[in-house]
Amino acid sequence: MTSSSILDAVGNTPVIELKRISAGLGVSGVSVFAKAEYFNPSGSVKDRAARAMLLHGIGTGQLNKDKTILDSTSGNTGIAYAMFGAALGYKVELFMPSNASAERKKLIKAYGAKVVETDPLEGSDGAYMAVMERVKGDPDKFFFPNQYDNFENVRAHYETTGVELYKQCKPTHFVAGTGTSGTFMGTSKRLKEYDSSVHIALMQPDSPFHGLEGMKHLGATIRPKIFDESIADGRVEVGTEDAYKTARRLAAEEGIFVGVSSGANVFAALELAKTLPEGSRVATILCDNGYRYMTEPLWRDV
Ligand SMILES: Cc1ncc(COP(=O)(O)O)c(C=O)c1O
């Protein structure tokens with residue numbers, strides 16, 4: 001008999017070809033693929049980064065049982081830290097804007113972690129500044145992965161997401177948005193190493209005042225240290241309504257129930273696909289599960 005932990009359930013997620021939704025694009029011979037990261041155990045792509053950062057902390061001795069895991073999060077990384085903290089026996093404390101969805105806060109609490117709510121008007125930057133203050137006040141008490149500046153976040157996707165995606169669909173184009181940018185940077189770097197002709201497109205919200213929860217508008221917010229725009233060959237901007245509409249189409253036309261950032265990524269992939277020649281293969285990421293947004297505008301009124 002073999003035994004495994006929840007940590008072993010991360011990754012190896014399926015890639016789904018969006019056949020029905022891309023049929024109406026008006027181009028022939030262009031395929032659109034989406035890596036279904038909501039199959040990860042806590043329901044999002046962030047399981048990969050959280051697992052890598054915690055294991056690195058344990059491996060280097062920076063995280064021990066006397067310390068509390070502490071970070072700022074828009075929700076998904078926090079849920080992943082909380083899940084792994086429960087499985088590994090660590091205390092977890094998370095700073096997040098108070099307007100993060102009720103589902104996210106409840107999930108974190110269900111896993112036994114503590115939520116500290118920060119000013120919603122200050123967004124993810126406000127949560128980040130608040131957590132920095134907390135660490136400064138009591139540095140020996142905490143393990144602070146700092147997901148925005150931690151290269152283990154990028155490495156997680158370089159070692160896993162990018163490797164899997166290339167094997168699964170050999171993309172000619174990859175498009176994704178950025179929270180910390182770990183998924184975008186690590187996956188893109190690996191794809192470029194396999195094939196330097198893979199075109200990398202950065203998805204960005206079309207306004208600093210967007211509703212793409214979990215996504216950062218990089219021109220208007222604190223830039224993560226792990227982000228390096230030079231890897232991008234192009235950029236696609238997406239509006240909040242288009243992201244919502246696409247997430248709803250994914251559910252109704254493909255049987256894929258996901259959140260707003262997944263809708264934004266797929267909208268960007270479809271926009272890019274429309275411009276491409278026959279034989280092109282566009283890949284993107286389905287970042288998280290739609291259940292996380294049941295009380296939010298995306299699914300509240302269904
Ligand atoms: C809903 C959602 N989508 C996408 C992402 C992007 O992930 P990354 O931090 O790897 O850029 C995040 C990150 O926090 C997120 O919360």
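Rules and cut-offs
- Residues numbered from 1 in each chain as written.
- Predicted model: local features only at pLDDT ≥ 70, side-chain atom pairs only at ≥ 80, totals over all residues.
- Heavy atoms only, no water.
- Pairing = 2+ DSSP bridges.
- Helix = DSSP H or I, 4+ residues; strand = E, 2+ residues; numbered from the N terminus.
- Axes fitted to C-alpha atoms, helices over the stretch in contact; angles between N-to-C directions.
- Parallel < 35°, antiparallel > 145°, perpendicular 65-115°, else oblique.
- Left-handed = near helix turned anticlockwise from the far one by under 90°.
- Contact = heavy atoms within 4.5 Å.
- Domains from an automatic or database assignment.
- Buried area = accessible area lost by both parts, 1.4 Å probe.
- Salt bridge = Lys/Arg side-chain N within 4 Å of Asp/Glu carboxyl O.
- Polar contact = N/O pair within 3.5 Å; in protein donor to acceptor, adjacent residues only side chain to side chain.

Asks: What exactly am I supposed to notice about the sheet that holds strand β9 (residues 234–238) here?
Replies: Strand pairing in a sheet takes place through backbone hydrogen bonds and is either antiparallel or parallel in direction. Pairing is mixed in the open sheet, where six strands are placed in the order β1-β2-β10-β7-β8-β9. Looking at which strands have only one partner, the edges of the open sheet turn out to be β1 (15–17) and β9. Shown here is a sheet whose adjacent strand axes are inclined to one another by a mean of 25°, direction ignored. Both strand β7 (residues 173–176) and strand β8 (residues 199–205) contribute to a ladder of four bridges, which runs parallel. Bridge assignment links histidine 173 to a residue of β8, and that residue is histidine 199.

Asks: What am I meant to see in the packing of helix α6 (residues 151–169) against helix α7 (residues 182–194) here?
Replies: The angle between the axes and the distance between the axes are what describe a pair of packed helices. The geometry of α6 relative to α7 is characterised by a closest axis approach of 7 Å and an angle of 50° between their N-to-C directions. As the angle between them shows, α6 and α7 are arranged oblique. Note on packing geometry: the crossing formed by α6 with α7 is right-handed. Residues Asn153, Val154, His157, Tyr158, Glu159, Thr161, Gly162, Val163, Leu165 and Tyr166 of α6 form the contact with α7, whose participating residues are Gly182, Thr183, Met185, Gly186, Thr187, Lys189, Arg190, Leu191, Glu193 and Tyr194.

Asks: Sorry if this is basic, but what is going on with the domain arrangement of the protein chain here?
Replies: How large an interface is tends to be reported as the accessible area lost when its parts come together. When its domains are assigned, the protein chain resolves into domain 1 (6–44 + 158–300) and domain 2 (46–143). On a C-alpha basis, the centroid separation for the pair domain 1 and domain 2 is 24 Å. Counting residues at the interface gives 29 residues for domain 1, matched by 25 residues for domain 2. Contact between domain 1 and domain 2 buries roughly 2000 Å² in total, counting both sides, with carbon and sulfur atoms accounting for 49%. At the boundary of domain 1 with domain 2, the tally comes to five salt bridges. Where glutamate 213 meets arginine 104, a salt bridge forms, and the shortest distance between an N and an O atom there is 3.2 Å. At the junction of domain 1 with domain 2, the criterion picks out 20 residue pairs in polar contact (both at pLDDT 80 or more). Per-element tally for the side of domain 1 that touches domain 2: the top contributor is α6, with three residues.

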